[in-house]
Amino acid sequence: RATLGVVGGGQLGRMFVHAAQRLGYFTAVLEPDAQSPAGLVSHHHIRTSYDDPAGLAQLAQLCQAITTEFENVPAQALHLLAQTRAVAPSAAVVGIAQNRIEEKAHFAACADVSGVNCAPYTVIETPAQLQAVQEERTDLLPGILKTARMGYDGKGQVRVKTATELGAAWEELGGVACVLEKMLPLKAECSVLVARGWDGQIVSFAPQRNVHVEGILAVTHAYEGNMPPALADRARDAAISIAHHLGYVGVLCVEFFVVEDGTEHGGLVVNEMAPRPHNSGHYTLNACDASQFDLQVHAMAGLPLPQPRQHSPAIMLNLLGEVWFDADGLPREPDWCSVLRLPGTHLHLYGKLQARAGRKMGHLTITGPDVASVTSVARRAAGLLGLPGLDAI
Ligand code: ATP
Ligand code: MG
Ligand code: MG
């Protein structure tokens, strides 16, 4: 029986494993954590670090094809696996997505075809560059200083208003390679998921509109009319051309900012990409006839990619660790029964044992016959659970 492998044991790996198992595949997860969401549900769990040659050799021996579920897996590990097995996405594109400097260079390189650019930015890698930016690039202030590597959920980022704050922020981030990005007045944010096969076949989901709270995704709005149609078409086309330009294989998520029309960016700015399924695509599990994880399985296994069809409007609410604590900070089990009594609610919990503030513990997707009823149920569920981010509908 064929076995599919994934490097990383988080919730994205868990949902990948579920999708692979539904097609009859065995699965193997490489993840050091004994209690990881994906390791707990997989046939094989190789419990070593992501760069352990023995663990990687075991994964390669077990699997026909291997993918990854988080972008900070050492690109070198994927490179090693690719010597003997089909690996998607490739070490090269994962390497680009792991480094904001390379990622932005890629976006710039295909801006002519994609029709979108990133926010104005500059690179800061040395004290001399910092000083030069402090003196000559005040046009980028107020801005956000972001580490080139390892940032996620708004970690590794500091918002800065002045040149002095910029200096302090660079020190706070450890003096590592960073990009300073101009802070843009966002009207909205959206993301696009595409899946591309080995043969270049590409399918995509309609853009979803995302609301972030404190740098972490809180709410995803996935329904027709979630953003102006012309903008949605542009975002989708841009994501497709970015994936083609990378020669990407697998599921790719491209994040965009929507800014005021009439600016130099023409209303759409590309933010970053994730070389894997994405939190903003979790609604596809319940609202579409093929989920982002189904497409990940199809793409890596070389199966035809179905063009997914969304059959219900949906809103996804992220369930962070905060939900497991009451107003006094005491641990509690959320009142799932009240939530599940509401029509069209789909609860997904990732099996994480320890709740912590900001930790992604699960998500709730609401589907229904129309946007109004989905919105109303989402508001009630958010009220019951004390979730933020729905005011911005
Ligand atoms: P993720 O978890 O999506 O990988 P991340 O830590 O890589 O997040 P970004 O996507 O770069 O971080 O930024 C997080 C959020 O901060 C964005 O979704 C947006 O809300 C805000 N943000 C980032 N850059 C800018 C900018 N240049 N102007 C305005 N807001 C920004
Ligand atoms: Mg990111
Ligand atoms: Mg992001």
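Residues numbered from 1 in each chain as written. Chains lettered and ligands numbered in written order. Predicted model: local features only at pLDDT ≥ 70, side-chain atom pairs only at ≥ 80, totals over all residues.

- An unreviewed UniProt entry lists the protein chain under the name N5-carboxyaminoimidazole ribonucleotide synthase, from Hymenobacter endophyticus.
- Under the UniProt heading Sequence similarities (unreviewed entry), the entry covering the protein chain gives this text: "Belongs to the PurK/PurT family."
- What UniProt states about the protein chain under its Catalytic activity (unreviewed entry) heading is, verbatim, "5-amino-1-(5-phospho-beta-D-ribosyl)imidazole + hydrogencarbonate + ATP = 5-carboxyamino-1-(5-phospho-D-ribosyl)imidazole + ADP + phosphate + 2 H(+)". (UniProt positions renumbered as here; feature names shortened; annotations may be inferred.)

## Concerning the domain arrangement of the protein chain
Right, on to step 1. Splitting the protein chain by domain gives domain 1 (3-87), domain 2 (120-182) and domain 3 (186-385).
Right, on to step 2. Domain 2 and domain 3 are separated by 29 Å when their C-alpha centres are compared. (Domains from an automatic or database assignment.)

## What about the site of ligand 1?
Right, on to step 1. Around ligand 1, a shell composed of 18 residues is seen, among which Tyr-152, Asp-153, Glu-181, Leu-184 and His-212 lie nearest.
Right, on to step 2. For the shell around ligand 1, the secondary structure elements donating two or more residues are β7 (143-147), β10 (186-196) and β15 (268-274).
Right, on to step 3. Each of two domains, domain 2 (120-182) and domain 3 (186-385), supplies a minimum of three residues to the shell around ligand 1. (Near = placed C-beta within 6 Å. Helix = DSSP H or I, 4+ residues; strand = E, 2+ residues; numbered from the N terminus.)

## A word on the sheet that holds strand β1 (residues 3-7)
Right, on to step 1. The 5 strands lie next to each other as β3-β2-β1-β4-β5, forming an open sheet whose pairing is parallel. Two strands close off the open sheet at either side, each with one partner strand: β3 (44-46) and β5 (86-87).
Right, on to step 2. Here strand β4 (residues 65-68) pairs with β5 via 2 bridges, running parallel. Looking at the pairing, Ile-66 lines up with Val-87 of β5.
Right, on to step 3. Taken strand by strand, helix α11 (residues 292-301) contacts β1, β4 and β5, and its axis lies near 140° from that of β4. (Pairing = 2+ DSSP bridges. Contact = placed C-beta atoms within 7 Å. Axes fitted to C-alpha atoms, helices over the stretch in contact; angles between N-to-C directions.)

## A closer look at the nonpolar core
Right, on to step 1. Counting 113 residues, the largest nonpolar core has Phe-16, Leu-180, Ala-239, Val-254, Phe-256, Ala-314 and Leu-317 as its most contacted members.
Right, on to step 2. The biggest single contributor to this core is helix α9 (residues 229-246), with 8 residues.
Right, on to step 3. Excluding anything up to four places from it in sequence, Leu-317 contacts Val-219, His-363, Leu-364, Ala-378, Ala-381, Ala-382 and Leu-387. (Core = buried A, V, L, I, M, F, W, Y, C linked by C-beta atoms within 7 Å. Buried ≥ 20, exposed ≤ 12 C-beta atoms within 10 Å, placed from the backbone.)

## So, unusual backbone geometry
Right, on to step 1. Each neighbour pair has its own omega, and for Ala-88 with Pro-89 the value is 0°, a cis peptide bond.
Right, on to step 2. Mapped onto the elements, Pro-89 comes out in the loop between β5 and α4 (91-97).
Right, on to step 3. In the segment running from Leu-141 into Pro-142, the intervening peptide bond is cis, with an omega of -10°.

## As for helix α13 (residues 371-385)
Right, on to step 1. Given a rise of 1.5 Å per residue, 15 residues ought to cover 21 Å, and the 21 Å separating the end C-alpha atoms of α13 matches this to within 8%.
Right, on to step 2. Where α13 is concerned, the buried positions are Val-374, Val-377, Ala-378, Ala-381 and Ala-382. Viewed end-on, α13 has its buried residues packed into an arc of 135°, placing them on one side of the element. Counted as exposed and oriented over 90 degrees from the buried face of α13: Ala-372 and Gly-383.
Right, on to step 3. Elements that come into contact with the buried residues of α13 comprise β16 (314-320), α12 (336-340), β17 (345-349) and β18 (360-367).
Right, on to step 4. Positive phi shows up at Gly-386, right after α13, with a value of about 70°. (Expected span 1.5 Å × (residues − 1). Arc of directions from axis to C-beta.)

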